[in-house]
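Chain residues, written in single-letter form:
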Amino acid sequence: LPLLSGVSGSVRACCSFSTLKSWLPILSWLPKYNLKWLRMDVLAGLTVGLTTVPQALAYAEVAGLPVQYGLYSAFMGGFIYTLLGTSKDVTLGPTAIMSLLCFSVVGGQPHRAVLLSLLCGLIQAVMALLRLGFLLDFISYPVIKGFTCSAAVTIGFGQVKNILGLQGIPQAFVLEVYYTFAKIPEARVGDVVLGVLCLALLVMLMLMKTNLGSDDAPTYSRFAQKLVWTVATMRNALVVVAASIVAFSWDAYGHHVFTITGKTSQGLPAFSPPPTSDTTDNGTVVTFGEIVEGFGGGLAVIPFMGLLESIAIAKAFASQNNYRIDANQELLAIGVTNIMGSFVSAYPVTGSFGRTAVNSQTGVYTPAGGIVTSAIVLLSLAYLMPAFYYIPKASLAAVIICAVAPMVDYRVVAKMWRIRKLDLLPFAVTFLMSFWQVQYGIIGGVAMSGVLLLYNMARPRVKVSDHGILVMELGSGLSFPATEYLSHIIHTQALQVSPPRSVVLDCHHVSVIDYTIISEIRDLLSQFKLRGVCLVFARLQVQPFAFCLFCLRIQLLYNMTKYNCETVSLFHLSFLFSPLFWRSYLLLSCRVSDIQTVLRLHCRSQKFSFMNEMNTSKLEVMRLQKQQCNKKANDVSDLKQGSDKTTSTN
């Protein structure tokens with residue numbers, strides 16, 4: 001019956017409304033939705049939508065896909081995140097980094113990009129259901145910064161060829177740099193002029209937005225500030241529209257001076273399962289297994305980077321706007337978005353920092369603003385695709401360059417140099433290897449961070465001081481990689497000198513210890529005993545299991561003395577008095593004040609008298625240890641002399 005009641009209670013908890021709200025966060029804010037929230041969400045959705053459309057077109061170019069695939073990837077996130085997201089600010093869609101990663105894995109093949117979205121979504125959703133978000137903690141900040149800086153340089157320089165109107169440039173970064181400079185004489189004047197003008201206009205509007213005056217200005221000044229902010233926020237859309245009008249005008253008069261996007265597929269994408277096979281240009285069928293094998297390490301890197309980017313954005317804006325997010329629920333929202341997006345020909349997406357910032361600054365109240373953004377993208381797909389024919393590639397390149405330029409954070413190098421120079425190693429490895437292959441850069445950076453982490457574990461900081469007896473203060477936990485290092489220090493400093501010296505290990509900072517260390521310390525104790533010196537452990541942390549064992553032994557002795565019982569197991573009593581127990585207890589849970597209190601109350605045996613004299617001070621422990629050793633030697637000498645006198649008397 002208790003088992004059945006426990007099971008029924010668990011079932012009721014799983015089916016409760018609070019559990020349903022944790023899986024569907026929309027239920028927590030939808031009942032409170034009002035007209036004010038609706039007005040602000042619509043305004044924010046419109047603003048973000050006008051930013052999303054040109055960026056989606058541009059990021060499709062980065063992914064090496066037709067521009068309509070950027071819009072296919074931009075609308076599903078708004079609907080799914082409204083149901084499952086826990087941040088009011090985050091907007092999901094194509095980003096520069098995910099587009100670059102997608103291109104590095106699929107090489108601009110649309111069918112494989114869509115299948116990649118499905119597989120990434122499945123991995124992310126499974127991670128969310130298994131609560132594996134902690135795995136992201138193993139990607140350190142230097143690795144992230146090295147990757148983002150390298151990605152910004154790669155993406156930005158990759159758009160220089162579109163600014164110059166060059167054709168036939170290889171995609172590999174080193175070759176791309178070489179051939180871009182080699183083909184500068186072939187640059188098209190129209191693309192160069194238009195690209196530079198678009199860049200200048202975007203930079204000017206961005207600077208105007210960041211240098212707006214204070215809010216206490218007069219009414220007319222505040223109106224002007226809001227106007228400037230609105231124009232600057234929609235700068236991408238305005239620049240693309242203006243450039244398209246210019247290109248259409250020149251083309252109408254028969255002057256084809258700009259490289260334009262060209263024909264795009266019109267209408268909404270069909271809702272169908274993603275393809276599980278592909279056909280090459282020569283008719284060869286590529287099976288699902290071969291496609292997955294071709295994805296290689298990218299199938300692990302892309303889901304992780306997507307999660308990392310989106311959760312970092314969500315946490316940043318949650319802290320800024322004073323609310324909390326559920327990281328695992330965010331993983332689920334991104335995973336479901338990528339899964340459902342693959343049914344509408346989308347490639348992998350994640351949270352966008354730029355569009356999320358616009359969303360937050362516009363004053364969005366709930367994730368419902370994403371529905372308005374998605375509606376604008378769908379309207380663009382349905383009615384505006386013919387107009388995208390005249391979008392100059394130079395204008396899209398200018399949008400991309402201005403979007404990724406802030407990602408090059410050169411100041412972080414100086415900060416890492418001041419704080420910890422070793423952090424520059426994973427940063428440099430990630431930064432440089434990402435120019436070869438993006439996924440290899442991330443893997444290399446994580447591997448280097450792991451090596452540094454293991455090195456710190458294998459070489460813990462040990463501070464040695466001499467107070468007549470050596471005091472070794474351990475600066476961190478002890479794990480098996482540190483076994484040989486600690487043993488080497490103790491041997492060279494104490495056991496291999498003449499005469500051998502006693503050692504006090506100050507373990508105040510040690511909170512973790514494993515079996516390998518215990519085994520090594522047991523061997524060290526025997527080595528110290530053979531040489532007639534002592535190894536003392538001071539200020540160890542209390543471990544619950546060892547302390548409970550200690551209390552059981554004391555309770556046993558107390559009951560024996562209270563009831564004058566002599567039928568207690570000799571094994572338990574001998575173990576209580578054995579050096580093995582005290583060494584084990586002192587090693588695992590030595591807190592001297594606890595031992596003193598319990599022993600004074602419950603122990604009258606002279607075998608424990610040395611424990612009553614212990615003090616928490618390291619120097620006092622060493623002094624008492626020496627006194628105890630001398631006392632034992634004198635007792636042995638007196639006992640021997642008394643035995644000799646008895647023999648002679650007899």
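For every chain, the first residue of its written sequence is number 1, and the numbers climb from 1 along that sequence. Given that this is a predicted model, residues contribute local features only at a pLDDT of at least 70 and side-chain atom pairs are listed and counted only at 80 or more, while totals for whole chains, interfaces and linings are drawn from all residues. Hydrogens and waters are ignored; side-chain quantities use all the structure's heavy atoms.

### Notes on the overall build of the protein
Helices and strands together make up the secondary structure of the protein, namely 30 helices and 8 strands. For the accessible areas, the method is Shrake-Rupley and the probe is 1.4 Å, while residue cover comes only from the protein chains on display. When the accessible surface of the protein is summed, it comes to about 33200 Å², and 64% of that surface belongs to carbon and sulfur atoms. Put simply, DSSP H or I for four residues or longer makes a helix, DSSP E for two residues or longer makes a strand, and each gets a number counted from the N terminus.

### Comments concerning the layout of surface pockets
For cavity detection a 1 Å grid was placed over the protein atoms alone, and a set of points counts as a cavity when a 1.4 Å probe fits there but cannot get out; an open set counts as a pocket when protein lies on both sides within 12 Å along at least five of seven lines, with lining residues being those that have an atom within 4 Å of a point. Grid points are joined across faces, edges and corners, and a volume is the space filled by probe spheres set on the points. One number sums up the size of the largest pocket: a volume of about 1500 Å³. Contributing to the lining of the largest pocket are 45 residues, with I313, S352, F353, G354 and M407 lying nearest its centre. Sorting elements by how many residues they give to the lining of the largest pocket places helix 16 (residues 298–320) first, with 8 residues. Residues of the lining of the largest pocket, tallied by class, amount to 25 nonpolar, 12 polar and 8 charged. For this classification, the nonpolar set comprises Ala, Val, Leu, Ile, Met, Phe, Trp, Tyr, Cys and Pro, the charged set comprises Asp, Glu, Lys and Arg, and every other residue, Gly included, is treated as polar.

### Quick notes on empty space enclosed by the protein
A complete count under the given rule lists 2 cavities of 30 Å³ or more for this structure. Around the largest cavity, the lining comprises 18 residues; the ones closest to its centre are G78, V90, T91, L92 and G370. Elements represented by at least two residues in the lining of the largest cavity include exactly helix 4 (35–62), helix 6 (76–84), helix 18 (353–362) and helix 19 (369–384). Tallied by class, the residues present in the lining of the largest cavity amount to 6 nonpolar, 10 polar and 2 charged. The space that makes up the second largest cavity amounts to roughly 30 Å³. Forming the walls of the second largest cavity are S73, M76, G77, S117, T337, N338, G341, A346, Y347 and V349. For the lining of the second largest cavity, the elements supplying multiple residues, two or more each, are helix 6 and helix 17 (327–341). Among the elements that take part in the lining of the second largest cavity, helix 17 stands out by supplying 3 residues, more than any other. Among the residues making up the lining of the second largest cavity, the classes are represented as 4 nonpolar, 6 polar and no charged.

### What about the packing of aromatic side chains?
For Phe, Tyr and Trp, where Trp contributes only its six-membered ring, two rings pair if their centres lie within 6.5 Å, and the inter-plane angle classes them as stacked under 30 degrees, edge-to-face over 60, or tilted in between. Evaluation of the coordinates by the stated rule reveals 15 aromatic pairs. Considering the side-chain rings of Y389 and Y390, the 4.9 Å spacing of their centres and the 75° angle between planes classify their relative orientation as edge-to-face. Relative accessible area serves as the criterion here: at 33%, Y389 is assigned to the partly exposed category. Taken together, F157, F173, F181, F427, F431 and F435 form an aromatic cluster joined through their ring pairs. Positioned over the ring face of Y410 is R411, at 5.4 Å from the centre of the ring. The lysine or arginine in question, K421, covers the ring of W417, its NZ or CZ lying 4.9 Å from the ring centre. Summary of the burial criterion: residues with accessible area below 20% of their type's maximum are buried, those above 50% are exposed, and those between are partly exposed, where the area comes from a 1.4 Å probe applied to protein chains only. Two conditions define a charge sitting above a ring: the NZ of Lys or the CZ of Arg must be within 6 Å of the ring centre, and it must be within 35 degrees of the ring normal.

### Details of the sheet that holds strand 7 (residues 503–506)
The pairing criterion for strands is at least two bridges between them, as found by DSSP. Spatial strand order, 5-6-7-8: 4 strands in an open sheet with mixed pairing. Lying at the two open borders of the sheet, with one neighbouring strand each, are strand 5 (462–466) and strand 8 (535–538). Pairs of neighbouring strands in the sheet enclose a mean axial angle of 20°, with direction left out of account. In this sheet, strand 8 lies alongside strand 7 in parallel orientation, the contact comprising 4 bridges. For V503, the partnering residue across the bridge sits in strand 8 and is L535. Helix 24 (residues 483–495) rests against strand 5, strand 6 (470–474) and strand 7 of the sheet, and its axis sits at about 165° to strand 6. Pairs of residues are marked as contacts when any of their non-hydrogen atoms sit within 4.5 Å. A fitted line through C-alpha atoms serves as each axis, taken over the contacting stretch for helices, and the angle formed by two N-to-C directions is quoted from 0 to 180°. Sitting on the sheet, helix 25 (residues 515–530) is in contact with strand 7 and strand 8, with an inclination near 135° to strand 8.

### A few points about the nonpolar core
Nonpolar core, defined: a set of buried Ala, Val, Leu, Ile, Met, Phe, Trp, Tyr and Cys residues in which side-chain atoms within 4.5 Å join the residues together. Counting residues in each nonpolar core, the largest one holds 92 residues, and the members touching the most others are L57, L71, L101, L116, F147 and F295. Discounting chain neighbours no more than four positions away, the residues touching F295 are V105, V106, R112, L116 and L119. Counting residues in hydrophobic clusters, the runner-up holds 23 residues, among them A494, V503, V510 and L525.

### Digging into the pairing of strand 5
Alignment of strand 5 against strand 6, held across 5 bridges, turns out to be antiparallel. In the strand pairing of strand 6, K463 is matched with E473. Between the antiparallel neighbours strand 5 and strand 6 lie 3 residues, among them G468 with a positive phi of about 85°.

### A closer look at the environment of S487
Looking at the secondary structure, you find S487 in helix 24. When its relative accessible area of 8% is taken as the criterion, S487 is described as buried. Separated by 33 residues in sequence, S487 and E520 place their C-alpha atoms 7.5 Å apart.

The values are spatial; any link to function lies outside them.
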